[in-house]
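Okay, here's what each chain looks like letter by letter:
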Amino acid sequence: MPSKAKLREAHARFSELLRNRESLEGEWQHLFAEHPLILTESLPLRLLPSQLVPLGRRGRSEPDFVFYPEARASAPSTYGVIELKRPSTSILSSPRHQVLRLSADAATAHAQAKLYAAQMTRESFGLSERLLMVGARAHIFLIVGHSDEIRRKVISDIQRAQFGDLLPAGVELLPYDTLLKMFSRRVPPQLHIVVPASYPVNKADSAETVLARISRVFISGAFHDSEFLHRLHHEFTRAGIAVWNYPLALGGGGSALSALRQSLAQASNFILVLSGASTHSDAVATEAMEAMKRAVRADRPFITAVAIDRSWRRTDLGEYFSQFEVLEFSDWREPKRFRALFRRLVSALQIDAA
């Protein structure tokens, strides 16, 4: 797993070079050779930097990069060719109205990559040039141009259908800006923390440690909803954010009012979990009322409500909070959906997760 620092460094270099629309092909060969994780972390294959081999030597008819399977692989299924052209290279040509073709440069890149991929297939399976291995196919990636051109030229349904058929299965065309977006998903955002001068911070602390000390989320919910509360608690902890949760911490028991107020005073945010169970809970009602007093004193957004079912609306507490924006978490049991909802929640709290 590449370090966050390496990913960010590679992303910065990629972004900087892409801003120069007249950058040379050799500059891109050098960038991807120096930072192979840009390709291995972006392409829709499981690749390691050690599997990527830079070629593209002057005077030789060879692709810019090839990748081979791991030495332990029982069958060479993950192998292929990566061919580069400049970001300023045209991707498409239109010889007549409503007709699309690959540009001469893009077509040449595809032809060269296809020849070398066929050679790799024969070498990988030990085949004669006269034999064809059915089901064996190298992956081909053409990195060329900019997606602006595609948006300008591929407009009608006829053109979209033609564009989809320009390249056979197993061959993928990636404009440079599209590749950058794919890589950006793998790069963690830079964490910036502004700490008041009066706040005691040890210079040796990591950013995650400082964030965990500054951000403390108070979660209010019913013990009946412990499964969701545990899940939410776990995600906040993974994000480097400290959590106080009454039902989990106290095992469903009560708490002295003074202890509740002290916990709220130390919290940076209050999350109210709305459900049929929580809106019938006297303890949750007390916590919500004290949180509203804390919000008034702080004179800033402090309370965020999330709903895990729909029955909460038919209660007095639910009716009160229905006038505010409520984040819908009813399908939280689906893992991908939960992660997306959690990111929305962190964004609403205005906390930078580690």
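Asker: Sorry if this is basic, but what is going on with the nonpolar core here?
Answerer: If you look at soluble globular proteins, the nonpolar side chains tend to sit buried side by side. Counting 28 residues, the largest nonpolar core has F14, W28, F32 and I82 as its most contacted members. Where this core is concerned, the elements lending two or more residues are α1 (4-18), α2 (25-34), α3 (37-40), β2 (65-67), β3 (80-84), β6 (139-143) and α7 (176-184). Setting aside anything within four residues of it in sequence, one finds F14 in contact with W28, L31, F32, I38, Y176, L179, L180 and F183.

Asker: Can you walk me through the packing of α1 against α2 in this structure?
Answerer: Two packed helices can be described by the angle between their axes and the distance between those axes. α2 packs onto α1 with a crossing angle of 175 degrees between their chain directions and a minimal axis gap of 11 Å. On the basis of their axis angle, the class for α1 and α2 is roughly antiparallel. On α2, the residues touching R13, F14, L17 and L18 of α1 are E27, W28, L31, F32 and E34. Here the contact of α1 with α2 is composed, by residue class, of six nonpolar, no polar and three charged.

Asker: Would you explain the environment of L173 in this entry?
Answerer: You can see L173 is positioned in strand β7 (residues 171-174). Given the relative accessible area of 15%, L173 is considered buried. Taking the C-alpha atoms as reference, L173 lies 9.4 Å from G145; in sequence the two are 28 residues apart. Those residues in contact with L173, other than ones at most four positions away along the chain, are I91, L102, L142, V144 and L167.

Asker: Can you walk me through the packing of aromatic side chains in this structure?
Answerer: According to the stated counting rule, one finds 13 aromatic pairs in the structure shown. Here F218 and F270 contribute two aromatic rings whose centre-to-centre distance is 5.4 Å and whose plane-to-plane angle is 25 degrees, an arrangement assigned as stacked. Here F270 lies in strand β10 (residues 269-274) and F218 lies in strand β8 (residues 216-220), a separation of 52 residues in the sequence. Judged by its relative accessible area of 0%, F270 is buried. Plain terms: the ring middles of F228 and F338 are 6.4 Å apart, the flat faces sit at 75 degrees to each other, and that makes the pair edge-to-face.

Cut-off values and rules
Along each chain, numbering runs from 1 in the same order as the chain's sequence is written. Local features in this predicted model are restricted to residues of pLDDT 70 or higher, and side-chain atom pairs are both shown and tallied only at a pLDDT of 80 or more, whereas totals for entire chains, interfaces and linings draw on every residue. The side-chain numbers reported here are obtained from all heavy atoms of the structure, hydrogens and water having been left aside. Residue types Ala, Val, Leu, Ile, Met, Phe, Trp, Tyr and Cys, when buried and joined through side-chain atoms within 4.5 Å, form a set referred to as a nonpolar core. The buried label goes to any residue with under 20% of its type's maximum accessible area, the exposed label to any with over 50%, and the partly exposed label to all in between, with areas taken from a 1.4 Å probe on protein chains only. Helix and strand definitions here come from DSSP, where helices need a minimum of 4 consecutive H or I residues and strands a minimum of 2 consecutive E residues; each element is numbered from the N-terminal end. Contacts were defined at the residue level, with two residues in contact if any of their heavy atoms lie within 4.5 Å. Axes here refer to lines fitted to C-alpha atoms; in helices the fit is confined to the stretch in contact. Angles between the N-to-C directions go from 0 to 180 degrees. When describing relative orientation, an angle under 35 degrees is termed roughly parallel and one over 145 degrees roughly antiparallel, while 65 to 115 degrees is termed roughly perpendicular and anything else oblique. Residues are grouped as follows: Ala, Val, Leu, Ile, Met, Phe, Trp, Tyr, Cys and Pro are nonpolar; Asp, Glu, Lys and Arg are charged; all remaining types, including Gly, are polar. Pairing of aromatic rings covers Phe, Tyr and Trp, the last counted by its six-membered ring, and requires centre-to-centre distances within 6.5 Å; plane angles under 30 degrees mean stacked, over 60 mean edge-to-face, and any other angle means tilted.

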